[in-house]
Amino acid sequence: RLGLERADTAEKALTVIVDLLEKYGQGGNCMESHMVFTYHNSFLIADRKEAWVLETSGKYWAAEKVEGGVRNISNQLSITTKIDREHPELKEYAKSKGWWNGKKEFDFAAAYSYVNTARMTTSRGRYCEGYKLLNKHKGFITSEIMMEILRDKESGINMEGGFMTTGSMVSVLPQQPNLPCIHYLTGTPDPAR
């Protein structure tokens, strides 16, 4: 929200977020229950002209500029070797922890998580299922199709049970500045309602 308030472009919003991350860190419980469960955050940041994916791990972060096609995030790191901006100590920290040897190409998701990045878009899971649904409609995605994807329970995108989907948002951002942007937000945690 602070990125939206303080920036007038997607890349400036990314800068606001990473500056706040470096200054204050992140944390806190991500459930309303008494169970303590935390995780780091990912963001899709877009304006009329460009889009970015920002993924974090503690104070460290990597950002990928979306160059075209479709892109999704979901409960795992997904930025691999295409890193357009990064925390200045990202690679050195990974090297100091033994997560990266400094010789092979740096892969953010592989270094900072337990994800097998070679199987990320083929194994069953929310990220993979979202990737498949977006690619199924690639080139023809409307706000209605996006809402349908976000309502999909079979894929796990619309989560039920202990970890419920907490909200969904679909934005239409026309490139023509004379056309208004339209934002759809759910009024309940479950986008199927």
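Residues numbered from 1 in each chain as written. Predicted model: local features only at pLDDT ≥ 70, side-chain atom pairs only at ≥ 80, totals over all residues. Heavy atoms only, no water.

Colleague: Sorry if this is basic, but what is going on with the environment of I73 here?
Modeller: Tracing the backbone through its elements, the reader meets I73 in the loop between β3 (60–66) and β4 (85–86). Residues I73 and L54 lie 19 residues apart in sequence; the distance between their C-alpha atoms is 9.4 Å. Dropping the residues within four chain positions of it, I73 is found in contact with S42, F43, L44, V53, E55, S78 and Y127. (Helix = DSSP H or I, 4+ residues; strand = E, 2+ residues; numbered from the N terminus. Contact = heavy atoms within 4.5 Å.)

Colleague: Can you walk me through the pattern of salt bridges in this structure?
Modeller: Once the charged atoms of two side chains with opposite charge are near each other, the side chains can pair. Under the defined criterion, the tally for this structure stands at nine salt bridges. Of the charged contacts in the structure, one is a salt bridge between D84 and K82, with a shortest N-O distance of 2.6 Å. Classification of K82 as partly exposed rests on a relative accessible area of 32%. Across the salt bridge formed by E160 and K153, the nearest N and O atoms sit 3.1 Å from each other. By relative accessible area, K153 is classed as partly exposed at 34%. (Salt bridge = Lys/Arg side-chain N within 4 Å of Asp/Glu carboxyl O. Buried < 20%, exposed > 50% of the residue type's maximum accessible area, 1.4 Å probe, protein only.)

Colleague: It is not clear to me how the packing of aromatic side chains should be interpreted in this structure. Could you clarify?
Modeller: When we look at a pair of aromatic rings, we describe it by the centre distance and by the angle of the planes. Across all of its chains, the model carries eight aromatic pairs by this definition. A ring pair is formed by Y93 and W99, whose centres lie 5.7 Å apart and whose planes are at 80°; its orientation type is edge-to-face. Look at Y93 and you get partly exposed, because its relative accessible area is 27%. A centroid spacing of 6.5 Å and a plane angle of 25° characterise the contact between Y93 and Y112, whose relative ring orientation is stacked. Of this pair, Y93 sits in helix α3 (residues 90–96) while Y112 sits in helix α4 (residues 108–112), and the two are 19 residues apart along the sequence. Take Y112: its relative accessible area is 10%, and that puts it in the buried class. Joined through ring pairs, the aromatic side chains of Y60, Y93, W99, F108 and Y112 make up one cluster. (Phe/Tyr/Trp six-rings, centres within 6.5 Å; stacked < 30°, edge-to-face > 60°.)

Colleague: Please explain the sheet that holds β4 as it appears in this structure.
Modeller: Strand pairing in a sheet is mediated by backbone hydrogen bonds. Such pairs are either parallel or antiparallel. Pairing is antiparallel across the open sheet formed by four strands, whose spatial order is β1-β2-β3-β4. Two strands bound the open sheet, and with one partner strand each, they are β1 (42–46) and β4. Across two bridges, β3 lies against β4 in antiparallel orientation. Within the sheet, the bridge partner assigned to A63 lies in β4 and is R85. Strands in contact with helix α2 (residues 10–24) are β1, β2 (51–57), β3 and β4; relative to β2, the strand with the most contacts, it is inclined by about 10°. (Pairing = 2+ DSSP bridges. Axes fitted to C-alpha atoms, helices over the stretch in contact; angles between N-to-C directions.)

Colleague: Where do I start with the side chain of N158 in this structure?
Modeller: By the secondary structure assignment, N158 is in the loop between α6 (143–151) and β5 (169–172). Residue N158 is classed as buried on the basis of its relative accessible area, which comes to 2%. Reaching out from N158, the side chain makes a polar contact with the backbone oxygen of R151 at a distance of 3.4 Å. (Polar contact = N/O pair within 3.5 Å; in protein donor to acceptor, adjacent residues only side chain to side chain.)

Colleague: Explain the pairing of β1 to me, please; I cannot follow it from the model alone.
Modeller: In summary, the side chains of a regular strand alternate between the two faces of the sheet. Inspection of the sheet shows β1 paired to β2 by five bridges, in the antiparallel sense. Bridging across to β2, S42 finds its partner in E55. Here β1 hands over to β2 after four residues, the two strands then running antiparallel side by side.

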